[in-house]
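Commentary on secondary and tertiary structure
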Amino acid sequence: MALEAGSSGYGGSGWGGGFRSLMRRKQVDSDRVRAEGQPQLAKELSVPALVAIGVGSTVGAGVYVLVGTVAREHAGPALTISFLIAGIAAALSAFCYAELASRCPSAGSAYHYSYICVGEGVAWLIGWALVLEYTIGGSAVARGISPNLALFFGGPDSLPWILARHQLPWFDIIVDPCAAALVFVVTILLCVGIKESSFAQGIVTVLNACVMIFVIVAGSYIGFQIGWVGYKVSDGYFPYGVNGMLAGSATVFFAYIGFDTVASTAEEVKNPQRDLPLGIGVALAICCALYMAISIVIVGLVPYFAMDPDTPISSAFAKHGMQWAMYIVTSGAVLALCSTLMGSLLPQPRILMAMARDGLLPSFFSDVNKQTQVPVKSTIVTGICAAALAFAMDVSQLAGMVSVGTLLAFTIVAVSILILRYVPPDEVPLPPSMRESFHLNQECDEEKDRDLLGDGNCNTSQTKDVIVVVESMKDPLVEKRQHKGKMDETKRRKIAAFSIGSVCVGVLILTSSASVTWLPFLPICIGCTIGVLLLLAGLGVLSWIDQDDGRHSFGHSGGFTCPFVPVLPAMCILINTYLLINLGGDTWMRVGIWLLMGVLVYIFYGRTHSSLTDVVYVPVAQADEIYRSSSEYVS
């Protein structure tokens, strides 16, 4: 029976039970699940607000620096193509996010999707990594605002004393009161309400976009006057070759990180099936267009080898007699940092809330304020932690850790798309309130099997249905056909699962072999060959077999559908895994320590307090029947 299968499959104790707990999956959050006393967030966001959040979280001050650094060291005049390729690579992840966000519109973003499709263990690590990403990301952004702000007061050390950086005596610590104050201001704004905070972010994002448009228009005017001297260099359009352009793409890819913030607000969107995919897609398209336009202008104004790597845009205008433009460009950098700070602090309370809802963190984090309808307690904790880091630590050396959380999330979201299409969960956990209805349903079914005439607990229409089913099963041809269809479907799911595993293992072997340059050529060639064969074999089988019919009823229907499955998710996995492996050993060592801490927290708290600890798993069709008939059985 389903009850026995669910209990034996996900219960237990000891090492076996601990391993099974890593694989248990939760149901797609729907209105009927969240209606059981769980707090509700305010549904206030529409497409313009989502676009503002997406663009504001993505377009940071880094673009004002990346243009010069990447052009000088990697791409040269081909910087525009580097931004285009990076934008296309980011769009692969955006397609995957768009489908999952519209199907599963609940707080938690990649944590929520991986909990539904992959399992509790992977979901915990993704959520734990995202907490680190947003905390360090917000602190690093806040720490970078004060140097840019000081330029308006006359120089790097010209801020008022109360906001200026100071070195503490007897400690090798430089504190930044301005950064901490800005974090607290943003935290208070986020506590007021999602409508108010998104409106404020929209204003800041529009102002930042106006600065970027000024750079594009004024730079184009100068470029047409001087004849675009930056494109007339003797080294040609690709001075570092195609490899240099691709290396530049890998660097500027991180300028597109941030659109996943839109997915974290899914539960607060008025029409998630329509608005979430539009918000993600439009935000990414706007960012790509702005990046490419700025790169076209700046690379054309100044030869790539003559660019200032620290202030490429303002120095380009200064070389053509527009020193005053430095203040406009600096204003854009400050606005971009403020908008990115809001985008970094917005998702983390919602991820903490989602993890607390599932029992993996204390219920303190899942509280939603009745007046503002936002997770105020989680927001305050997030703000205090980010402000403390921004005040006391120079977290620039930890910036690489921000990329790990995002790339892990991008990778697992692409894997979730493959699982959703080929092996979607065919069993769902039954909420505790439905347990009694489930037991009554089982008893009623057993009674029908013994006596088709039924009794008072089973009505006449239900008895007729059972009679029809039992009589049809007496036909051996019908029984054989049903048994064969069930076996074929089981076999197809096993083949699909092995193929998805082959794709993932092949990508891991291929990217690892291609990145280990210190090995001799022959082992690298063998590793790459094995990885390519596994990847192509998995893709070939997935393209040949049918997708699961259960994908149509998975979550909320009628939203965006990711195209070119399985090729597009596989390419997304390949790109993000390659970038992950090449982040550097120091970054992975720091992230490894944080993930080890997360493993300990899960073992000693999350595993035993999970809402799926003693859950009953039933087939999807049976769960729907229980929900429909629960009122009759209870009465």
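Scroll up a little and you will see the structure.
Our subject in this report is the structure included herewith.

Criteria and cut-off values
- Residues numbered from 1 in each chain as written.
- Predicted model: local features only at pLDDT ≥ 70, side-chain atom pairs only at ≥ 80, totals over all residues.
- Heavy atoms only, no water.
- Helix = DSSP H or I, 4+ residues; strand = E, 2+ residues; numbered from the N terminus.
- Buried < 20%, exposed > 50% of the residue type's maximum accessible area, 1.4 Å probe, protein only.
- Contact = heavy atoms within 4.5 Å.
- Areas by Shrake-Rupley, 256 points an atom, 1.4 Å probe, with all protein chains shown as cover.
- Core = buried A, V, L, I, M, F, W, Y, C linked by side-chain atoms within 4.5 Å.
- Axes fitted to C-alpha atoms, helices over the stretch in contact; angles between N-to-C directions.
- Parallel < 35°, antiparallel > 145°, perpendicular 65-115°, else oblique.
- Left-handed = near helix turned anticlockwise from the far one by under 90°.
- Nonpolar A, V, L, I, M, F, W, Y, C, P; charged D, E, K, R; others polar.
- Phe/Tyr/Trp six-rings, centres within 6.5 Å; stacked < 30°, edge-to-face > 60°.
- Expected span 1.5 Å × (residues − 1).
- Salt bridge = Lys/Arg side-chain N within 4 Å of Asp/Glu carboxyl O.
- Polar contact = N/O pair within 3.5 Å; in protein donor to acceptor, adjacent residues only side chain to side chain.

Before going further, it helps to examine the overall build of the protein chain. The helix and strand tally for the protein chain stands at 26 helices and four strands. Out of the 635 residues in the protein chain, the part that is buried amounts to 53%. A separation threshold of at least 6 residues defines the contact pool for the protein chain, and within that pool the share at least 24 residues apart is 84%. Put simply, the protein chain shows about 27,900 Å² of open surface, and 67% of that area lies on carbon and sulfur atoms.

Now for the nonpolar core. If you look at the biggest cluster of nonpolar residues, it comprises 161 residues, and the most contacted ones within it are Tyr64, Tyr97 and Ile298. Leave out the neighbours within four places in its chain, and Ile298 touches Val67, Val215, Met307, Pro312 and Ile313.

Here we take up the packing of helix H11 (residues 194-226) against helix H16 (residues 325-345). Packing of H11 against H16 brings their axes to within 9 Å, and their N-to-C directions diverge by 150°. Considering their axes alone, H11 and H16 lie roughly antiparallel with respect to each other. When the axes of H11 and H16 are compared, the crossing they make is left-handed. Contact residues: H11 offers Ser197, Ala200, Gln201, Val204, Thr205, Leu207, Asn208, Val211, Phe214 and Val215, while H16 offers Ala325, Ile328, Val329, Gly332, Leu335, Ala336, Cys338, Ser339, Met342 and Gly343. When its residues are assigned to classes, the contact of H11 with H16 shows 13 nonpolar, seven polar and no charged.

Moving on: the packing of aromatic side chains. Taken as a whole and assessed by the stated rule, the structure comprises 23 aromatic pairs. Centre to centre, the rings of Phe83 and Tyr291 are 5.3 Å apart; their planes meet at 35°, and the pair counts as tilted. Here the residue Phe83 occupies a position in helix H6 (residues 79-103), and Tyr291 occupies one in helix H14 (residues 272-301), the gap between them amounting to 208 residues. The class for Phe83 is buried, based on a relative accessible area of 0%.

Between the first and last C-alpha of helix H18 (residues 376-392) there are 24 Å, a value that for 17 residues agrees with the 24 Å anticipated at 1.5 Å per step. Looking at the buried positions of H18, the neighbouring elements they touch are helix H8 (120-143), helix H10 (177-192), H16 and helix H17 (347-357).

For the rest of this paragraph, the subject is the pattern of salt bridges. Taken as a whole, this structure holds 13 salt bridges when the rule is applied. Residue Arg357 is joined to Glu267 by a salt bridge in which the shortest nitrogen-to-oxygen separation is 2.8 Å. One end of the pair, Arg357, is in helix H17; the other, Glu267, is in the loop between helix H13 (260-264) and H14, with 90 residues separating them in the sequence. What makes Glu267 buried here is its relative accessible area of 3%.

Helix length check: H6, at 25 residues, gives a terminal C-alpha distance of 36 Å against a target of 36 Å (1.5 Å per residue), a fit within 8%. Of all 25 residues making up H6, 19 are buried, and the element is well covered by its neighbours.

The subject of this paragraph is the environment of Pro177. Note that Pro177 resides in helix H10. With 213 residues separating them in the primary sequence, Pro177 and Ala390 have C-alpha atoms 8.3 Å apart. Sequence-distant contacts of Pro177, that is, excluding residues within four places in its chain, are made with Ile162, Leu163, Ala164, Arg165 and Phe391.

On to the packing of H8 against H16. Here H8 crosses H16 at 160°, and the two axes come no closer than 9 Å. When the axis of H8 is compared with that of H16, the two are roughly antiparallel. Once H8 is placed against H16, the crossing between them reads as left-handed. Note on element contacts: H16 touches H8 through Leu337, Thr340, Leu341 and Ser344, opposite Tyr134, Gly137, Gly138, Val141 and Ala142.

Residue position: Ser502 is located in helix H22 (residues 476-515). Using a relative accessible area of 16% as the deciding quantity, one classes Ser502 as buried. Polar contacts involving the side chain of Ser502 include one to the main-chain carbonyl oxygen of Leu534, which spans 2.7 Å. Dropping the residues within four chain positions of it, Ser502 is found in contact with Leu534, Leu535 and Gly538.

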